[in-house]
Amino acid sequence: MNLLLSLFLTFAKIGVVGFGGGMAIIALIFQSMQQFGNMDADEFSELFAISQATPGPLAINAATFSGFETAGMAGAAAATLGVVMPSFILVVICVKFLNKYQEHKLVKGAFCGIRPVSVGMILAGFIMIGQSSLLAGSLTELTDFTQIVEVVKVIPVLLAALTFFLAKKFNINAITLMIIMGVAGAFLRS
């Protein structure tokens with residue numbers, strides 16, 4: 001029971017400070033999961049990929065999968081409730097008062113401060129997932145350019161670059177890109 005309470009409280013804390021959506025709190029979820037000692041960066045990258053590929057909000061999926069990995073079905077329920085409850089409460093409070101005070105200087109100032117934090121948290125999640133998914137070692141290990149193939153996972157980097165290009169140039173939706181790159185990855189890695 002102590003583990004379930006710890007999961008609930010961990011994800012409730014994440015839910016309280018999780019401005020910016022699922023992408024913004026991925027790094028925070030990974031850091032928080034370290035206290036349970038059951039998931040390394042590679043496993044978390046896989047969890048992130050599954051959370052992205054399954055229907056539903058990323059933060060809830062990541063919390064559910066993290067909780068399940070830690071304590072089974074009960075852990076999944078505790079983590080999911082933990083991450084959702086603060087958001088639900090905050091939304092109810094915000095909706096009640098935001099319309100009344102949305103033009104107040106302090107409210108506008110708070111949103112000016114929160115937006116860049118969201119971008120920074122998304123960037124932190126990107127770097128954490130990118131290191132695990134795209135690199136086989138540290139870039140600091142490079143002594144000359146010829147070693148780049150030893151440090152960089154070439155196929156995942158090419159798939160990531162192609163995904164970015166297709167999304168930006170042709171505006172292909174995320175689900176289609178996941179299917180295309182999943183098939184390409186399966187073909188190229190088999």
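Below is a summary of the structure that appears in this document. (Residues numbered from 1 in each chain as written. Predicted model: local features only at pLDDT ≥ 70, side-chain atom pairs only at ≥ 80, totals over all residues. Heavy atoms only, no water.)

Once that is clear, we can look at the state of the cysteines. In total, this model carries 0 disulfides according to the counting rule given. Of all cysteine sulfurs in the structure, the one in Cys112 sits closest to Cys94, which takes part in no disulfide; the separation is 16 Å. Cys94 sits in the partly exposed class, given a relative accessible area of 40%. (Disulfide = S-S within 2.5 Å. Buried < 20%, exposed > 50% of the residue type's maximum accessible area, 1.4 Å probe, protein only.)

The topology assignment puts Leu134 in helix H5 (residues 105–134). The exposure class assigned to Leu134 is partly exposed, which follows from its relative accessible area of 22%. The spatial distance from the C-alpha of Leu134 to the C-alpha of Leu3 is 33 Å, given a sequence separation of 131 residues. With sequence-adjacent residues up to four places away left out, Leu134 is seen in contact with Val151, Val152, Lys153, Pro156, Val157 and Ala160. (Helix = DSSP H or I, 4+ residues; strand = E, 2+ residues; numbered from the N terminus. Contact = heavy atoms within 4.5 Å.)

So, about the pattern of salt bridges. Under the definition given, this model contains 1 salt bridge. A salt bridge links Glu103 to Lys108; its shortest N-O distance comes to 3.0 Å. The exposed category is assigned to Glu103, whose relative accessible area is 57%. (Salt bridge = Lys/Arg side-chain N within 4 Å of Asp/Glu carboxyl O.)

Once that is clear, we can look at the nonpolar core. The tendency in soluble globular proteins is for nonpolar side chains to be buried as a group. Residues Phe11, Ile14, Ile26, Ile29 and Phe44 are the most contacted members of the largest nonpolar core, which totals 23 residues. No other element matches helix H4 (residues 58–101), which puts 7 residues into this core. Setting aside anything within four residues of it in sequence, one finds Ile29 in contact with Phe11, Ile14, Phe44, Ala59, Ala62 and Ser66. (Core = buried A, V, L, I, M, F, W, Y, C linked by side-chain atoms within 4.5 Å.)

The quantities given are spatial measurements derived from coordinates; they are silent on function.
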